[in-house]
Amino acid sequence: MPRRRILKRAPVVYILMQLRFAPILAMAKYLPDIQDALRRSGFPLMAEDAVKEVRVELNDGAVQTATEHRVAWHFQDAGKTAAVVLRPDSFVFHASAYQDFERFLEAALKALGLVHHGASLGPISGLGLRYVDVLCPDAQGSADRHLVAGLAGVEGRAFAQVEDVPNATGLDAVRERRMLESVYRTAHGMLVQRVIENAGQPALPPDVLECKLKLRDLHANTEGRFVTLDTDHFRSEENTPFDLSIVEKGLRDLHAGTSAAFSASINDEGAASWEQ
């Protein structure tokens, strides 16, 4: 039976929490106070841009996506490894330097509290937590060997073993890329897990590559196959009054899902390699 392990070298390359709230059309008016508070709290860098946002929502039990172009304000730390992204109807705290969930949660809630103090955020409409892990190949082989059997996929050499297919033995098929998406309904919302395997370099989601944070070196262009685990656990709310304690509990609930999904996806060999 899979069990959660405390990993000293967790393969997290990116983590994000998002809070959606009732739109504040006058958000720009509150930016000077918000920016000053975040600057004093360790986020001195600021930028404004128009972004393409992909929204994932639950509608009548189905997961739907929509793309919008909207303004966003970015408040980064000096090392560009953590940042707040503020929009008129959402707050994002994301990071590329990860130690553990408790420290991430503490930093996210502190920044959210500063924004709330400046803008008086309205009712909550959604909450999400996302982890992107990258499993790297090493001297012992490709990273896919760390996955449980149910996520292993079909190797190309299996094609040659199919009977009654003319010339199947000469196909010489080699798997270079693989994608698998699973959607789960949980007690706390919807959980989407994507497994992306790629030869030679990790396949990171486009929004992570464009996140404006400094990502750690993943030793790309090496031999072997990388595996990306992209796990997103989110839920919709209906006019829940804003309260930091409600947000904290919600994120802890969502973290139970992302943690369980990761632990259920890797085998003992993989877990042991990151415990050291």
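In the block above lies the structure referred to throughout.
The structure reproduced in this document is the subject of the present report. (Residues numbered from 1 in each chain as written. Predicted model: local features only at pLDDT ≥ 70, side-chain atom pairs only at ≥ 80, totals over all residues. Heavy atoms only, no water.)

A short note on the pairing of strand β1 (residues 12-21)
When you tally the buried positions in β1, you get nine out of ten residues, the bulk of the element. For β1 and strand β6 (residues 124-135), the ladder comprises nine bridges, and the chain directions are antiparallel. Paired with Y14 across the two strands is V132, which belongs to β6. The pairing of β1 with strand β5 (residues 90-95) spans six bridges and is classified as antiparallel. If you follow I15 over to β5, its bridge partner there is A95. (Buried < 20%, exposed > 50% of the residue type's maximum accessible area, 1.4 Å probe, protein only. Helix = DSSP H or I, 4+ residues; strand = E, 2+ residues; numbered from the N terminus. Pairing = 2+ DSSP bridges.)

Some details on unusual backbone geometry
With a phi angle near 55 degrees, K80 is a residue other than glycine that sits in the positive phi range. With respect to the helices and strands, the residue K80 is situated in the loop between β3 (62-76) and β4 (82-87). Classification of K80 as partly exposed rests on a relative accessible area of 38%.

Description of the packing of aromatic side chains
Per the counting criterion, the structure on display carries three aromatic pairs. Taken together, a centroid distance of 6.0 Å and an interplanar angle of 85 degrees make the contact between F43 and F93 edge-to-face. Within this pair, whereas F43 is found in the loop between α1 (27-40) and β2 (45-59), its partner F93 is found in strand β5, the two being separated by 50 residues in sequence. Pair check on accessibility: F43 and F93 agree, each one buried. With a centroid separation of 5.6 Å and 80 degrees between ring planes, the pair formed by Y98 and Y131 is classed as edge-to-face. Pair noted here: Y98 is in the loop between β5 and α2 (101-119) and Y131 is in strand β6, with a separation of 33 residues, a long-range link. Judged by relative accessible area, Y131 falls into the buried class, the value being 7%. The structure contains a cluster of three or more aromatic residues connected by ring pairs, namely F43, F93 and F104. (Phe/Tyr/Trp six-rings, centres within 6.5 Å; stacked < 30°, edge-to-face > 60°.)

None of this, on its own, says anything about what the molecule does.
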